[in-house]
Amino acid sequence: MLLGEILSLGSAITWGISVSLFKIIGNSVSPYILNPLKNTIGTILFVLTTLLVSDISAVNALNTNEALILALSGIIGITIAREAALSRLFGKIIIVDKEKQAGFHATSRNSGVVHSGFYYSLDSKKAQFCSEGNSLLRKYILENSLSYKPCGKVVVSKNVNEDNTIQILGDRAKENNCEVKVCKSSEIEKYEPAAKTKSLFLWSPNTWSASPNEILNCLLNEIKDVRDKGASFIVI
């Protein structure tokens, strides 16, 4: 086993132990004490690791193309693993997690809404990524014949002030490259017969819903299908 793999696995194990200890003592120790203590312990461990790796040239000589170790197995980690597998840059992809299966937490326990990104202010990272991510994810769903509902979304108002907010969201959507329409109340029955609004409403056709588990499993299958570049799922 390469030195880099040993150190990476050791880091994952240490992280797991740290989380467990934090749960135990977090309620009884003040954060003003706990945070400096964590930083001190981390610094000591870093110094010890540096001293143990006496041959620094061995670390520098590691072939970064040989293995990729990811200490996360939710939708983000699996997507990174999928891109790495398809790139064929790595001889081995190892996904390390304390759970027995991928996507065990937030990834498989959400509503499956594919947001279009019109809520976010222009200077935020969400505004930069959500609209493009929406397009890529909808394309991925269609290309892989996954379950989905192209239901769209209406945002309604209760009063004049909220009508103004609808207009603001419409303007923000254009800045974020989101496909939306600001419509008059007389049109709402065409989009959602059960909805009521004051004077305006916003229609977002690219807000879909999909199955998080189907998407995750499809990503995992893609990783496995790349010959000789499969990912090993290791339970810590």
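On a predicted model such as this, the values are computed, not experimentally measured, just so you know.

Parameters and conventions
- Residues numbered from 1 in each chain as written.
- Predicted model: local features only at pLDDT ≥ 70, side-chain atom pairs only at ≥ 80, totals over all residues.
- Heavy atoms only, no water.
- Phe/Tyr/Trp six-rings, centres within 6.5 Å; stacked < 30°, edge-to-face > 60°.
- Buried < 20%, exposed > 50% of the residue type's maximum accessible area, 1.4 Å probe, protein only.
- Helix = DSSP H or I, 4+ residues; strand = E, 2+ residues; numbered from the N terminus.
- Lys NZ or Arg CZ within 6 Å of the ring centre and 35° of its normal.
- Contact = heavy atoms within 4.5 Å.
- Polar contact = N/O pair within 3.5 Å; in protein donor to acceptor, adjacent residues only side chain to side chain.
- Core = buried A, V, L, I, M, F, W, Y, C linked by side-chain atoms within 4.5 Å.
- Axes fitted to C-alpha atoms, helices over the stretch in contact; angles between N-to-C directions.
- Parallel < 35°, antiparallel > 145°, perpendicular 65-115°, else oblique.
- Nonpolar A, V, L, I, M, F, W, Y, C, P; charged D, E, K, R; others polar.
- Pairing = 2+ DSSP bridges.

A. Local environment of the packing of aromatic side chains. Here the structure, examined in full by the defined rule, presents four aromatic pairs. Both rings, one in F118 and one in Y119, keep their centres 4.4 Å apart while their planes meet at 40°; by these two values the pair is tilted. What makes F118 buried here is its relative accessible area of 2%. Seen in terms of ring centroids, Y191 and W203 are 4.8 Å apart; in terms of plane orientation they differ by 40°. Their pairing is tilted. Placement of Y191 in helix α7 (residues 188–191) and of W203 in strand β7 (residues 200–204) is noted, with a sequence separation of twelve residues between them. Cation over ring: R109 sits above F104, and NZ or CZ is 4.9 Å from the ring centre. The cationic tip of R138 hangs over the ring face of W208; the distance from NZ or CZ to the ring centre is 5.3 Å.

B. Focus on the environment of K153. Relative to the elements of secondary structure, K153 occurs in strand β5 (residues 153–156). Classification of K153 by relative accessible area gives partly exposed; the value is 23%. In sequence terms K153 and Y191 are 38 residues apart; their C-alpha atoms lie 8.5 Å from each other. Sequence-distant contacts of K153, defined by excluding residues within four places in its chain, comprise F118, Y119, L202, W203, S204 and T207. Polar contacts involving the side chain of K153 include one to the side chain of Y119, which spans 3.3 Å.

C. Focus on the nonpolar core. The biggest cluster of nonpolar side chains holds 23 residues, and the ones touching the most others in it are L68, I78, A81, I93, I141, L146 and I215. When residues of this core are traced back to their parent elements, those giving at least two are β1 (67–70), α4 (75–87), β2 (92–97), α5 (125–143), β8 (208–210) and α8 (212–225). The biggest single contributor to this core is α8, with six residues. Those residues in contact with L68, other than ones at most four positions away along the chain, are A84, F90, K92, I93 and I94. In terms of nonpolar packing, the next biggest core, distinct from the first, is built from nine residues, V155, I166, C178 and L200 among them.

D. Spatial organisation of the packing of α5 against α8. Viewed as axis vectors pointing N to C, α5 and α8 meet at an angle of 75°, and their least axial separation amounts to 11 Å. Considering the angle they form, α5 stands roughly perpendicular to α8. Counted together, L137, Y140 and I141 of α5 and I215, C218, L219 and E222 of α8 form the full contact between these two elements. Considered class by class, the residues forming the contact of α5 with α8 number six nonpolar, no polar and one charged.

E. Looking closely at the sheet that holds strand β6 (residues 181–184). The sheet built from three strands is open, its strands ordered β5-β7-β6 with antiparallel pairing. Edge positions in the open sheet fall to β5 and β6, since each of these has one partner strand only. Within this sheet the neighbouring strands show an average axis-to-axis angle of 30°, counted without direction. Summarising the sheet, β5 and β7 pair through four bridges and their orientation is antiparallel. Each bridged residue has a counterpart across the sheet, and for V155 the counterpart in β7 is L202. Each of β5, β6 and β7 is contacted by helix α6 (residues 160–175), which is oriented at about 30° to β7, the strand it contacts most.

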